[in-house]
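These are the residues of each chain, in order.
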Amino acid sequence: MEVRISNRAPDLEEFMTLRTAVGWTNPKPGLVQQSLNNSLFHVCAHIDSKLVGYGRIVGDGAMYFYLQDIVISPEYQNQGVGRSIMQEIESFVADNAMPGATIGLLAACGKEAFYSQFGYSPRTGEPLGLGMCKFVE
């Protein structure tokens, strides 16, 4: 299995298909495309011509960087695809985040150990709080 990594935005349809494969819902295509267009950095993982993994960074590019949509097709999970994507993301962060910057993420339940391998720590509530989010419907 040869995984090809690129730093381009995915095709809209392939991205939405990947999201569906892991059980995520998709907003309207125009909104998804705008979101991809506004991202700071993309990492696509392809096997042959199929998108099997994706990750990106959103944020202001200075003080705040957020890992978003780290998603691996179910049949390729636990095979190193996620690690390859994270290595690309960590390289981008090392080159672009200056001292004082914050790199954040909202890990899916049960995926915290994966991100801790890359130096991310869970927010325990002290001193920064647990973090929260709001979904617009």
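Please refer to the structure placed before this passage.
Model, not experiment: these values are computed from the prediction.

Novice: It is not clear to me how helix α1 (residues 12–21) should be interpreted in this structure. Could you clarify?
Specialist: Given 3.6 residues per helical turn, the α-helix brings residues three or four places apart onto the same face. If you check which residues of α1 are buried, you get L12, E14, F15, M16, L18 and R19. On its buried face, α1 sits against α2 (29–37), β2 (41–47), β3 (50–59) and β4 (64–72). Its side-chain oxygen at 3.1 Å from the backbone nitrogen of E13, D11 defines the N-terminal cap of α1. Just beyond α1, the residue with positive phi is G23, at close to 90°.

Novice: Would you mind going over the sheet that holds strand β5 (residues 102–105) with me for this structure?
Specialist: Within a sheet, adjacent strands bond to each other through the backbone by hydrogen bonds, running parallel or antiparallel. Read across the open sheet, the five strands follow the order β1-β2-β3-β4-β5; overall the sheet is mixed. Two strands in the sheet have a free side with no partner beyond their single neighbour: β1 (4–6) and β5. The average undirected angle you get between the axes of adjacent strands in this sheet is 20°. In terms of strand pairing, β1 meets β2 through three bridges, oriented antiparallel.

Novice: What's the story with the pattern of salt bridges in this structure? I'm lost.
Specialist: In a structure, side chains of opposite charge can pair up when their charged atoms sit close to one another. According to the stated counting rule, one finds four salt bridges in the structure shown. A salt bridge links R19 to D69, with the nearest nitrogen and oxygen atoms 3.3 Å apart. Pair noted here: R19 is in helix α1 and D69 is in strand β4, with a separation of 50 residues, a long-range link. You can call D69 buried: its relative accessible area is 8%.

Novice: Would you mind showing me how to read the environment of N38 here?
Specialist: Of note, N38 is situated in the loop between α2 and β2. Through-space distance from the C-alpha of N38 to that of I57 is 9.8 Å; in sequence the pair is 19 residues apart.

Novice: Would you take a moment to explain the side chain of R56 for this structure?
Specialist: Tracing the backbone through its elements, the reader meets R56 in strand β3. Given a relative accessible area of 5%, R56 falls into the buried group. What R56 contacts, discounting residues up to four positions off in sequence, is S35, L36, S39, F41, H42, Y66, L67, Q68, D69, I70 and I89.

Novice: Before we go on, may I ask you to explain the pairing of β4 in this structure?
Specialist: Regular strands place their side chains on alternate faces of the sheet. Relative to β4, β3 runs antiparallel, the two sharing six bridges. Bridge pairing in β4 links R56 to Q68. In textbook terms, the turn of a hairpin is the stretch between consecutive antiparallel strands, and for β3 and β4 this stretch comprises four residues, one of which, G61, has a positive phi near 75°.

What counts, and at which threshold
Residues numbered from 1 in each chain as written. Predicted model: local features only at pLDDT ≥ 70, side-chain atom pairs only at ≥ 80, totals over all residues. Heavy atoms only, no water. Buried < 20%, exposed > 50% of the residue type's maximum accessible area, 1.4 Å probe, protein only. Helix = DSSP H or I, 4+ residues; strand = E, 2+ residues; numbered from the N terminus. Contact = heavy atoms within 4.5 Å. Polar contact = N/O pair within 3.5 Å; in protein donor to acceptor, adjacent residues only side chain to side chain. Pairing = 2+ DSSP bridges. Axes fitted to C-alpha atoms, helices over the stretch in contact; angles between N-to-C directions. Salt bridge = Lys/Arg side-chain N within 4 Å of Asp/Glu carboxyl O.

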